[in-house]
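Each chain is listed here by its residues.
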Amino acid sequence: MNNRHAILKCTDISKSYGNQTILSDVSVELAKGEIKVLIGPSGGGKSTLLQCINCLVVPDSGEITMEGQRIDLSRKQDLYRLRQQVGMIFQDFNLFDHLTALDNITIALRKVKKLNKVEAKERALLELDQVGLADKASLYPAQLSGGQKQRVAIARALAMDPKILLLDEPTSALDPTLIGEVIAVIKGLAVKGMTMIMATHQISLISNIADEILFMEKGRIVEHGTPAMLLGCGNDSRSQTFCDKLNDLSATEG
Amino acid sequence: MPNALSVVIDALPYLLQGSLLTVGIVIAAMSLGLIIGTFMAVGLVYGNKIVRYLLTVYLWIFRGVPVVVLLFLFYFGIFNFLGLQFSAFTAVTIVLGMITGAYQANIFRGAILSLPQGQFKAASGLGMTDGQAIQSIILPQILRISIPAWSNEFSIILKDSALAFVIGAPEIMARTQFVASRTYQHLSMYITAGIIYFILTWAGVMALRKLEQHVHIPGYSYNGNQ
């Protein structure tokens, strides 16, 4: 991994609210095409770390470098530029409720990328088609199922040509029967070489597509390594124990 | 009673001319209030400490002082002091606009706070500036949510506009009083004025309900049971 050039480098990211520390000196690097998975108990800082990476939550301290360029965390322009290059997928989709699936995608293309109406629509339809929802273009979020909403959200993020995709528990708010369609889209992205960092509890994503697992607890990365290293047989790593628990859960749920 | 009826009938065109002025005052004041209220709400939610403080002071003044006092204060006091020669119509419109602006600001502020935070985050996450997110994502949603409360505000301002007669704007109330005091038909004239106000309120509220249905987001319930 080290011989590949890192696109994104986050060094010693810290964040606290009041006297409660959420992240303490967390460092993450992502090389092109690399997929890292964040796991760990809730409240461990996974979500905050992801939101710090694109500065939706501005870190109290630390350094973020995107393709060699250091982001000045106190400059709005720098933050906007960073976010334009980093896509984000949320647990609860966050589609714009007043816009159709199509316009959810075109709005940022037009406002941020300054495409004209026709170009934006073309691009949006292409992305909707990629996630298998071309026929839902004119529907509003309230008329879509959870899985469809998340796929629109993924299409919306991809339309911006992000260099990195952040996924914050993309399947956690979904009905078990709808998880499959979203996982399929994410696996498709992995095959295409999308660079991703994702918080998830979905074993199939953790063990199949992750290049590296980062186990977070109490605002720190306490363990990291390849799935083979951490989840291999007879391993007593924290990640292994945690994933065993997840497995047990999904087994009992049947 | 035939006398009362004929006075009302004779006065009706004169009163209806006054209603045009009333409608003009209300539309202009509500529009001014919409602009003031929108900017204020954005400032109250997203502004820095100083902006929020200044806007809160404005809010307290315009909510805390009676309409008549503000009307006199601005028409005879502040506008005069600034050397502004406003007609009674313009003065009433501006003062009512500033008052309803304060109330509308609070309506819109509540609506912004009721939106899930994820809406703004998603917009930011796509690289939109704060201004773009507010303009294309937040405002279109909160203005829709606010229509019922806004319609309430409209009906209040419509009736507050009757106070314009105290500074001599020739609207419904001023004209009614003029006719009533000359013909001594107080009862019938004020009943007529009341009916005109009622009809205007009803028509406006109905129009806003139509607007609400027109901009309704498909798939969302607005009757609570759909």
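Procedures and definitions
- Residues numbered from 1 in each chain as written.
- Chains lettered and ligands numbered in written order.
- Predicted model: local features only at pLDDT ≥ 70, side-chain atom pairs only at ≥ 80, totals over all residues.
- Helix = DSSP H or I, 4+ residues; strand = E, 2+ residues; numbered from the N terminus.
- Buried ≥ 20, exposed ≤ 12 C-beta atoms within 10 Å, placed from the backbone.
- Contact = placed C-beta atoms within 7 Å.
- Nonpolar A, V, L, I, M, F, W, Y, C, P; charged D, E, K, R; others polar.
- Pairing = 2+ DSSP bridges.
- pLDDT = per-residue confidence, 0-100.
- Right-handed = clockwise from strand over helix to strand, strands pointing away.
- Core = buried A, V, L, I, M, F, W, Y, C linked by C-beta atoms within 7 Å.

Draft legend 1. Structural detail: the overall build of chain B. For chain B, the helix and strand inventory stands at 9 helices and 0 strands. Counting from the amino terminus, chain B carries its helices and strands in the arrangement α-α-α-α-α-α-α-α-α. With the C-alpha coordinates of chain B rotated into their principal frame, the extents come out at 70 × 50 × 25 Å. By residue count, 37% of the 226 residues in chain B fall in the buried class.

Draft legend 2. Main features of the interface of chain A and chain B. Each side of the interface is counted separately: chain A has 20 residues, and chain B has 20 residues. Counting residues per element, the ones that place at least two in the side of chain A that touches chain B are α2 (76–85) and α3 (101–111) of chain A. Taken together, the residues of the side of chain A that touches chain B sort by class into 11 nonpolar, 5 polar and 4 charged.

Draft legend 3. How the structure looks around the sheet that holds strand β5 (residues 69–70) of chain A. Residues and elements named next belong to chain A. Pairing within the open sheet is antiparallel, and its 4 strands lie in the order β2-β1-β4-β5. Taken across any chain shown, the strands that pair with only one partner, and hence form the sheet edges, are β2 (20–31) and β5. Pairing between strand β4 (residues 61–66) and β5: 2 bridges, direction antiparallel. Across the sheet, residue M66 finds its bridge partner in β5, namely Q69.

Draft legend 4. Focus on the confidence of the model for chain A. The share of residues in chain A with pLDDT of 70 or more is 96%, and the mean pLDDT across the chain is 91. At the low end of the mean pLDDT range in chain A sits helix α9 (residues 238–253) of chain A, at 77; at the high end sits α3 of chain A, at 97.

Draft legend 5. The pairing of strand β7 (residues 164–168) of chain A, seen in detail. All names here are of chain A. Among the 5 residues in β7, 5 count as buried, and that is most of the element. A two-sided burial pattern is seen for β7, the buried positions comprising I164, L166 and D168 on one face and L165 and L167 on the other. Here 4 bridges tie strand β6 (residues 86–89) to β7, and the two strands are oriented parallel to one another. Note on β7: the bridge partner recorded for I89 is L167. Pairing of β7 with strand β8 (residues 196–199), which is carried by 4 bridges, proceeds in the parallel orientation. Looking at β8, one finds that L167 is bridged to M198. On the question of chirality, the crossover connecting β7 to the parallel β8 by way of helix α6 (residues 176–191) is right-handed.

Draft legend 6. Quick peek at the nonpolar core. Membership of the largest hydrophobic core comes to 134 residues, with the highest contact counts inside it found for V37, L38, L49, I89 and L166 of chain A together with V92 of chain B. Looking at this core, the element that brings in the most residues is helix α4 (residues 88–114) of chain B, giving 13 residues. In contact with V92 of chain B, not counting residues within four places along its chain, are I25, L71, S161, A164, I167 and A169 of chain B.

Draft legend 7. Geometry of unusual backbone geometry. All names here are of chain A. The phi dihedral of F93 is positive, around 65°, even though this residue is not glycine. Here F93 is to be found in the loop between β6 and α3. Given 24 C-beta atoms within 10 Å, F93 falls into the buried group. Here E169, not a glycine, exhibits a phi torsion of approximately 45°, which is positive. Secondary-structure assignment places E169 in the loop between β7 and α6.

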